[in-house]
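Below, each chain spelled out in residue letters.
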Amino acid sequence: MKPAPLSYIRPDTAEEAVAGLAEHGADARILAGGQSLMAMLNLRLVEPKALIDISQIDELRSIRIDGNMIEVGAAVTQAEFLAWPQLKEHAPFIAKALPWVGHFQTRNRGTVCGSIAHADPSSELPLSLALLEGEVVLRSKSGTRHLKASEFQTGMLQTARRDDEMITAVRFPADVGTKGAAFREVARRHGDFAIVSVGAVAADQGAVRVAVGGVADRPACIGIEASLTVSDMTDRIERLAWELGGYDDIHASARYRRDLVRRLVPIIIGEVRACAK
Amino acid sequence: MREVTKDEVVRISLELNGKTVSGNATSRMLLTDFLRNELGLTGTHVGCEHGVCGCCTVRIDGVAARSCLMLAVQADGRRIDTVEGLAASKDALNALQRAFRKHHALQCGFCTAGILMSFSDFLSRKQNPEEDEVREVLGGHICRCTGYDGLVKAIMEAAAEMRGETPSNAGAA
Amino acid sequence: MGAGRYADDVATPRGTLHAAVVRSPHAHALIKDIDTSKALALPGVHHVLTGEDIRAISDPFLIVLKKPIDQWALAVERVRYVGEAVAIVIAEDRYIAEDGADLVDVAYDPLPVVIDPREAVSADAPVLHPDAGSNELSAREFTYGDPDKAFAAAHKTVSLEVEYPRSSYTPMECFVVVANYLRGDDSYDVLANFQGPFSIHPVMARSLRVPGTRLRLRIPADSGGSFGIKLSVFPYIVLMALASRVVGRPVKWVEDRLEHLQAANSGPNRVTKIEAAVEKDGRVTALRFDNMEDYGAYLRAPMPGPLYRMHGATTGAYDIRNLAMTNRVVVTNKMPASLVRGFGGPQLYLALERLMQRVAIELELDPLEVIRRNLISPGSFPYRTCAGALYDSGDYQQAIDKAVGEGRLDDLLARRDKARKEGRMYGIGFATVVEPGMSNMGYLSTINPADVRERQGPKNGAISMVNVNVDAIGTVSVTADLTVQGQGHATAISQIVADQLGLKPDDISINLELDTQKDAWSIAAGTYSCRFSPGTAVAAHIAAKNIREKVARIAAKQLNTVADDIDFGGGRVFSKTNPDNGAAFARVAGTAHWSPVLMPETDDPGLSETGIWSPPELEPPSSKDEINTSLTYGFVFDMCGVEIDPATMQVRVDRYVSMHDAGTLINPLLAEGQIRGAFVQGLASALYEEIVYDEAGALQSGTFAEYLVPTACEVPPVELMHIETPSPFTPLGAKGLAEGNCMSTPVCIANAVADALSLKDVPLPATPERLNALVCGEEAAPPAGISAEKPVSATAGDAAITGDGSVTVKASPAEIWKALLDPESLKHIIPGCHSVSAVTPEHYRAQVSLGVGPIRGRFIADVKLSDLNPERAATLSGDLAGPLGKAQGSGHVTLTPEDGATRIDYTYGVDIGGKVASVGGRMIKRAAQIVIGQFFERLSEVASGKHGADASANGSKSESRSWIARLFGGNR
Ligand code: FES
Ligand code: FES
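Residues numbered from 1 in each chain as written. Chains lettered and ligands numbered in written order. Predicted model: local features only at pLDDT ≥ 70, side-chain atom pairs only at ≥ 80, totals over all residues. Heavy atoms only, no water.

## Some remarks on the overall build of chain A
Line of reasoning, step 1. For chain A, the count of helices and strands is 11 helices and 14 strands.
Line of reasoning, step 2. Taken over C-alpha atoms, the radius of gyration comes to 19 Å for chain A, in line with the 19 Å a tight globule of 277 residues would show.
Line of reasoning, step 3. Reported as C-alpha extents along the three principal axes, the dimensions of chain A are approximately 60 × 45 × 35 Å.
Line of reasoning, step 4. Buried positions account for 67% of the 277 residues belonging to chain A.
Line of reasoning, step 5. Long-range contacts, defined here as pairs at least 24 residues apart, represent 61% of the contacts in chain A between residues at least 6 apart.
Line of reasoning, step 6. Here chain A has roughly 8,900 Å² of accessible surface; of this, 48% comes from carbon and sulfur atoms.
Line of reasoning, step 7. Charged side chains in chain A number 33 positive and 35 negative. The centres of these two groups are separated by 4 Å. (Helix = DSSP H or I, 4+ residues; strand = E, 2+ residues; numbered from the N terminus. Rg over C-alpha atoms; globule rule 2.2 N^0.38 Å. Buried < 20%, exposed > 50% of the residue type's maximum accessible area, 1.4 Å probe, protein only. Contact = heavy atoms within 4.5 Å. Areas by Shrake-Rupley, 256 points an atom, 1.4 Å probe, with all protein chains shown as cover. Lys, Arg positive; Asp, Glu negative; His and termini not counted. Charge placed at Lys NZ, Arg CZ, Asp CG, Glu CD.)

Following this line, the structure appears as structure tokens:
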């Protein structure tokens, strides 16, 4: 289990990194924390010709509030974000979901942007981005573009990133969920990829916005208005379970996933409403 | 910008356990292999090479992480601490090692180095951990021998000792 | 601490090369051709060895059953499980060796696969070893007492079928071999973390065609765990030895985790049909077992050990005098099973202890009461079971009384009552286990009928050897016939020896490296079957005692007293009657070296003793198949309460009590460590770990992300308790204790789950997914407007991944038909296609890169079209092969004209195997669906003259654009 031959490039600036991507295109992969990518390299599931290591680029290392957005640079680790003093205040949902990402040791190196770039259907950070309706900042030689979470992740491990683009930051709307946020995930063991994860935040007028991960090929969101009767809500969740479908894998069947949606979504909605009161 | 092409062998220098050392690496060489085979520091073990077992945990710029998920070339110019550095030092970290022995926290010892490195980082950030937090951090390691009980006791006791409490009031068997 | 001398830490000889193993992605296939040319052309690659190469220079491994199932260190002619070693590449370093392994092209001819042992014995099952004629390699029937009579007279018969799954206890250190062929004397010098039994040493030597003396096997001082599994390094010892001989340089191989999880070894899975003849009061008068044990693809020595290791103890802790048993040995297309801690015990007790619970339920009695009524009474030890085991000592009633006492059982019952009152799912389980220690080396001969055994001569005993040496300055050193793997053996031995010699444990230097050329060893050597406490520890005691007595005689002469008057303590040797009259231990010991003239007449000079111990109780099987399978029989009683989360169906162990009687405890702290370790392994088998194969034989648990070893977060607290009834058969009174919870915990938890959910059949591991399916019944139909997954279609057969869908294309059937049959357009239709060449008009070969997201691999695709019904229907079948794995599949396409357009309906079935299936279990099905979806999207694009803007592909899982828009894109 050793990586196939590859070239290693460590740019000092984002501009150099983007230039590297322009040169190598689909043959290159961005290496940030490497907590998913390196395992795939060792297993030779991924064999890029070049790795562009952005973990040391200073300009990508900051967390800042920009207007009503929290911007997290591409080299910021999950542990650094978790330790960010304003996290609880401005992003209470992320403060709840982030400790579920991997383990202490992997959060120490794994980056926030890397997890979103990897687009695993059951990861916590893509779910957070979808739930909070954040955006991804992509940069290439020809410029910078911002994609909404829903535009960015297109499927399982698939995103709208072009081969010559790198994520320089992700942006989460600040102060969403301050009136209520809840997160829960089911995995076989603590720290494993979730079989199903459910997050929710209180939205306007007593509504609750819910995101479900691990069931379809990317996180999905629905809104539950305050006016909905219990039986309408049950119907809506039932529809959601079937629409997401779920899939079979070694740890769980599609049916079990649907059952988890049926049981966990109401619990989470209840939790959000309880803190909203 | 630094570039190492795929057939190149380059010299890597790093601060390893407080000393500057250097060795040769190719672009794809894993940090585990570099430490063990190139520098001869075999205390860092390899149990899975895909980031799950924790045997290979070292500290990179002070922070505990998997060395199997890092390339040797990435360590160039960085500070790396391994279990060999712990054993040599006479400071509070020995509290961990003492407690491990007392509570029979190791059997085959293969997982031990990684666990020591995780907790040398964690306990430096969190002096007064709850048992649940210790279990969560320990959850990043697999030990097949001990059943974890002795490990948890040992870590809780070491934390207490490092805070300056007498070893007997916390976590003793 | 942290600095060890594990096998991979030991410096290698100069010039050492490194090996990587090429493994089969197929569960069953003929090897058509192995093309090594590309690998050999890679700079840094020295050699590639295949099965044909080693067949010429080695012999197949000896096996226990006399059956024609040849097995070498590499597959010869055919592969029989995913991960089977097919070739090895020897190169400058491991990185290059792996590059080379990716370049070895193996052409296979797939054969039908059989995974379930019940299917393997059916008449139309594919036979793995054609020369053996059947997949059932042995079926032996045993009868003790008069079971038929007892069943006929019984108040009731209670029966059950249980299935013990496949799992392993995956030591953290994988296999390591460094082999060096010494041309000068045609011998092999091998360093490996093999752990015995050394009865396998002759098997290796025979395969290498050398006498045992020319296979020097050295085991390093430290080992990163074994749990039985490191027996299975032996085929690789032979393989690397042969490789070293061929390349003329030392060869090193370090198994990686992917290799370990697919090919190291696993415990055998077993299907047991068990029946009890019971009286009204719950007394069991007879038992009937039908054991079908699945050993995977080969039967490596000393298999089928697990099926016979417990033989004498089949009736467990119960006084049951009538027993009928059928033991079947079956092979299937899975990795070979072998030694794993527990070794037959978990399989036996899952059946027996689940049955005892069923007896209670069917008779409406209390389960604990049924256990108690059947226990062997304390007055009857040593107790001879009907199958021949001689239980040395015990007081099972007392152990259970203590365990349930002090309110422990009442507390569990109260927790259950409270939970049930609140509508929660809570259950209590019990398990009663007799834990054998130190196996009789003759137990496996029970597999042969008595007349065959008679011809072969008796096999029995279990020899332990320990050497204690005292040098000229009185330093004591010890070597032993065991291999270290972290059980704290060194600590225990130093304690035993120090006690005898009046020294401190730190004064004793223990070297547990083993060197077959220099150390005393016999076939039982190694570390397994709890032979330490009842075996090696005794040999250490004997050797130390001999030293003590000799030193006492020397001292008596010097101190002018008699040997009986000599005592040892505080580093001194002195007269009991006059403690001032004494000398330093070192000084007296020195006499034996420096001053032979001062030795007592009866003693030779020098001070070195080898203790040899083989207990007389370990007799060969009797003519009636009675066998005392082990020397000591400890006792474990477990009880637990579990609660099942109604939202997730996850099992949480609420309280767990484990009571042990392991005779005299030599070192309580070490004992506790062993028991806790075994408990977590038992917990793992109950709830987490499983080696998973799909129906096509693809291994799906290839990494630690699929094979779920519990971490500290999953482990509940356990209350450990002990009583001690010393064994009369071991001088120290100690019994084995390291395996008990591997046997008791899976079934104890299974019983609790059964109680919580009122289940008769509890699948292990009891995963939330499985319990959910059992408890929640059929899923209600989806609401109107949403289609559920369709059942598997006929063309899909029983493939692992199936699906169907339809797509409407703005093109005529004729245009689509043309696109499907034209290599040039196929190039655009097949996702990731680089080139297509037509072999025949209906047979294409394509080079493709396939994958999802960043995961991409190169494959050669072989596509055939058949059942051609022009412009209406066709079947596409084919296979893909590449370093990432292989796939085989077929699909059926029908074309229906629909006002100006064509609707294409398709069904498909795909089996995926090899690496991508073992490591990508979480994603593989979705990935296949995505790729297949792409195929039809492209088909519609190409057929409708590129970019068919109107074409939309619909999978059957309601992947309509609308819901995608709503759920992922839309805001609310
Ligand atoms: S070897 Fe690095 S985590 Fe297992
Ligand atoms: S002590 Fe052996 S793996 Fe932890």
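## Side note on the interface of chain C and chain A
Line of reasoning, step 1. Taken together, the contacts link 72 residues of chain C with 61 residues of chain A.
Line of reasoning, step 2. Regarding the contact of chain C and chain A, the summed buried area is about 5,800 Å², with carbon and sulfur atoms giving 55% of it.
Line of reasoning, step 3. The interface formed by chain C and chain A includes 7 salt bridges.
Line of reasoning, step 4. Residue A:Glu47 pairs with C:Arg858 through a salt bridge whose shortest N-O separation is 3.9 Å.
Line of reasoning, step 5. Counting across the chain C and chain A interface gives 22 residue pairs in polar contact (both at pLDDT 80 or more).
Line of reasoning, step 6. For the side of chain C that touches chain A, the leading source of residues is helix α25 (residues 961-969) of chain C, giving 6 residues. (Buried area = accessible area lost by both parts, 1.4 Å probe. Salt bridge = Lys/Arg side-chain N within 4 Å of Asp/Glu carboxyl O. Polar contact = N/O pair within 3.5 Å; in protein donor to acceptor, adjacent residues only side chain to side chain.)

## Structural notes on the interface of chain C and chain B
Line of reasoning, step 1. Counting residues at the interface gives 42 residues for chain C, matched by 44 residues for chain B.
Line of reasoning, step 2. Summing both sides of the interface, chain C and chain B together bury roughly 3,400 Å²; the carbon and sulfur share of this comes to 59%.
Line of reasoning, step 3. At the boundary of chain C and chain B, one finds 5 salt bridges.
Line of reasoning, step 4. The tally of links between chain C and chain B comes to 19 residue pairs in polar contact (both at pLDDT 80 or more).
Line of reasoning, step 5. Broken down by secondary-structure element, the contributors of at least two residues to the side of chain C that touches chain B are α3 (94-103) and α18 (668-688) of chain C.
Line of reasoning, step 6. Among the elements that take part in the side of chain C that touches chain B, α18(C) stands out by supplying 10 residues, more than any other.
Line of reasoning, step 7. Of the residues contributing to the side of chain C that touches chain B, the split by class is 19 nonpolar, 14 polar and 9 charged. (Nonpolar A, V, L, I, M, F, W, Y, C, P; charged D, E, K, R; others polar.)

## Digging into the domain arrangement of chain C
For interface size, the figure often reported is the accessible area lost on association.
Residue and element names in this part refer to chain C.
Line of reasoning, step 1. Taken domain by domain, chain C comprises domain 1 (377-440 + 628-775), domain 2 (463-512 + 521-613) and domain 3 (801-968).
Line of reasoning, step 2. Put simply, the middle of domain 1 and the middle of domain 2, counted by C-alpha atoms, are 39 Å apart.
Line of reasoning, step 3. Between domain 1 and domain 2, roughly 1,400 Å² of surface is buried when both sides are summed, and carbon and sulfur atoms account for 71% of that area.
Line of reasoning, step 4. A per-residue breakdown of the area domain 1 buries against domain 2 is headed by Met438, Ile666 and Leu732, which together make up 40% of the total. (Domains from an automatic or database assignment.)

## Notes on the environment of B:Arg2
Line of reasoning, step 1. Assignment of secondary structure puts B:Arg2 in strand β1 (residues 2-4).
Line of reasoning, step 2. For B:Arg2 and B:Val73, which are 71 residues apart along the polypeptide, the C-alpha to C-alpha distance reads 9.8 Å.
Line of reasoning, step 3. Beyond its immediate stretch of four places on either side in the chain, B:Arg2 contacts A:Tyr8, A:Ile9, A:Arg10, B:Val10, B:Arg11 and B:Asp76.
Line of reasoning, step 4. At a separation of 2.2 Å, a polar atom in the side chain of B:Arg2 contacts the side chain of B:Asp76.

## Let's talk about the environment of A:Gly143
Line of reasoning, step 1. Relative to the helices and strands, A:Gly143 resides in strand β7 (residues 143-148).
Line of reasoning, step 2. Considered as a pair, A:Gly143 and A:Glu71 are 72 residues apart in the sequence and their alpha carbons are 18 Å apart.

## Some points on the packing of helix α10 (residues 345-363) of chain C against helix α11 (residues 367-374) of chain C
Residues and elements named next belong to chain C.
Line of reasoning, step 1. Where α10 meets α11, the axes come as close as 8 Å, and the angle between the chain directions of the two elements is 115°. The orientation of α10 with respect to α11, classified from their angle, is roughly perpendicular. Where α10 crosses over α11, the two elements pack in a sense that is right-handed. The residues of α11 that touch α10, namely those facing Glu353, Met356, Val359 and Ala360, are Pro367, Val370, Ile371 and Asn374.
Line of reasoning, step 2. The residue makeup of the contact of α10 with α11, split by class, is 6 nonpolar, 1 polar and 1 charged. (Axes fitted to C-alpha atoms, helices over the stretch in contact; angles between N-to-C directions. Parallel < 35°, antiparallel > 145°, perpendicular 65-115°, else oblique. Left-handed = near helix turned anticlockwise from the far one by under 90°.)

## What about the nonpolar core?
Line of reasoning, step 1. Membership of the largest hydrophobic core comes to 232 residues, with the highest contact counts inside it found for B:Phe119, C:Val177, C:Phe194, C:Tyr391, C:Phe637 and C:Phe704.
Line of reasoning, step 2. With 11 residues, helix α19 (residues 740-757) of chain C is the largest single contributor of residues to this core.
Line of reasoning, step 3. For C:Val177, the residues in contact, after removing those within four places along its chain, are C:Val190, C:Leu191, C:Ala192, C:Val233, C:Tyr236, C:Ile237, C:Met240, C:Val251, C:Lys252 and C:Trp253.
Line of reasoning, step 4. Counting 92 residues, the second largest nonpolar core, distinct from the first, contains B:Phe34, B:Leu71, C:Ile801 and C:Val931. (Core = buried A, V, L, I, M, F, W, Y, C linked by side-chain atoms within 4.5 Å.)

## Describing the domain arrangement of chain A
Line of reasoning, step 1. Taken domain by domain, chain A comprises domain 1 (7-53), domain 2 (62-173) and domain 3 (181-276).
Line of reasoning, step 2. Measuring from the centre of the C-alpha atoms in domain 1 of chain A to the corresponding centre in domain 3 of chain A gives 35 Å.

## Overview of the pattern of salt bridges
Line of reasoning, step 1. Per the stated rule, a full pass over the model turns up 96 salt bridges over all chains.
Line of reasoning, step 2. Measuring nitrogen to oxygen at the nearest pair gives 3.6 Å for the salt bridge that ties A:Asp259 to A:Arg263. Of this pair, A:Asp259 and A:Arg263 both sit in helix α11 (residues 254-276), separated by 4 residues, roughly a single helical turn.
Line of reasoning, step 3. Three or more residues are tied together by salt bridges with common partners; here these are C:Asp411, C:Arg415, C:Lys418, C:Glu422, C:Arg424, C:Glu643, C:Arg652, C:Asp654, C:Arg655 and C:Glu719.

## Some thoughts on the packing of aromatic side chains
Line of reasoning, step 1. Scanning the model with the defined rule gives 24 aromatic pairs over all chains in all.
Line of reasoning, step 2. Where C:Tyr396 meets C:Phe635, the ring centres are 4.2 Å apart and the plane angle is 10°; that geometry is what we call stacked. Here the residue C:Tyr396 occupies a position in helix α12 (residues 396-404), and C:Phe635 occupies one in strand β27 (residues 630-644), the gap between them amounting to 239 residues.
Line of reasoning, step 3. For C:Tyr396, a relative accessible area of 1% corresponds to the buried category.
Line of reasoning, step 4. Given a relative accessible area of 2%, C:Phe635 falls into the buried group.
Line of reasoning, step 5. Put simply, the rings of A:Phe81, A:Trp84 and A:Phe172 pair up and form one aromatic cluster.
Line of reasoning, step 6. Directly above the aromatic system of C:Phe151 lies the positively charged group of C:Arg288, at a separation of 4.1 Å from the ring centroid. (Phe/Tyr/Trp six-rings, centres within 6.5 Å; stacked < 30°, edge-to-face > 60°. Lys NZ or Arg CZ within 6 Å of the ring centre and 35° of its normal.)

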